[in-house]
Amino acid sequence: QVQLVESGGGLVQAGGSLRLSCAVPGRTFSIIAVGWFRQAPGKEREFVARVSCSGSPTDYADSVKGRFTISRDSAKNMVYLQMNSLKPEETAVYYCAAARYWTIQVALRDFGSWGQGTQVTVSS
């Protein structure tokens, strides 16, 4: 199983910004897409954004459109999530995950490799 590693979480005030990073192991040739998900205490894990490893297309949850940007640096095997105008309700553990196919609908089960998560706390 491929293991991804997230970093960049922390404490930020409402309206602030964070950039999360996801390191994808090298020599992984079958990954087609990398996505970001988040899970708040007592809630189900939800989709945030995903990107094709070629850079296009991208896909975002409606709640983050216009504020979050997902990108990738193929040379560094990194995927980033730039989060702007953060809201307190977006406090959660953020995970990156890899999928072997680009599907028309996002489903957790399509992502077979996951990171351990990084905590994002947005204070008000």
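All residue numbers refer to position in the chain's written sequence, counted from 1. The predicted nature of this model means local features are confined to residues of pLDDT at least 70 and side-chain atom pairs, given and counted, to a pLDDT of 80 or more, with totals for whole chains, interfaces and linings taken over all residues. Just so you know, side-chain values use all the structure's heavy atoms and leave hydrogens and water out.

In summary, the pairing rule links any two rings of Phe, Tyr or Trp, Trp by its six-membered ring, whose centres are within 6.5 Å, and it sorts them by plane angle into stacked for under 30 degrees, edge-to-face for over 60 and tilted for everything else. Evaluated as defined, the whole model comprises five aromatic pairs. Each ring, one from Tyr 95 and one from Trp 114, has its centre 6.4 Å from the other, and the planes form 80 degrees; the classification is edge-to-face. Of the two residues, Tyr 95 sits in strand 9 (residues 92-99) while Trp 114 sits in strand 10 (residues 111-114), which places them 19 residues apart along the sequence. A relative accessible area of 13% places Tyr 95 in the buried class. An aromatic cluster is defined as three or more aromatic residues linked by ring pairs; in this entry it consists of Phe 37, Phe 47, Tyr 95, Phe 111 and Trp 114. In this analysis the charged atom, NZ for Lys or CZ for Arg, is taken to sit over a ring once it is within 6 Å of the ring centre and within 35 degrees of the ring normal. In this structure, Arg 19 packs its charged tip against the face of Tyr 80, placed 4.3 Å from the ring centre. Between the NZ or CZ atom of Arg 50 and the centre of the ring of Trp 102, over which it lies, the distance is 3.8 Å. Runs of E in the DSSP output that reach at least two residues are strands. Runs of H or I that reach at least four are helices, and both are numbered from the N terminus. Think of it in three bands: residues with accessible area under 20% of the maximum for their type are buried, residues over 50% are exposed, and the middle band is partly exposed, with areas taken using a 1.4 Å probe on protein chains only.

Tracing the backbone shows Thr 121 in strand 11 (residues 118-123). Judged by its relative accessible area of 28%, Thr 121 falls in the partly exposed class. With 82 residues separating them along the chain, Thr 121 and Gln 39 place their C-alpha atoms 12 Å apart. Not counting residues up to four positions away in its chain, the partners in contact with Thr 121 are Gly 10, Leu 11, Val 12 and Thr 91. Residue contacts follow a heavy-atom distance rule, with two residues in contact if any of their heavy atoms lie within 4.5 Å.

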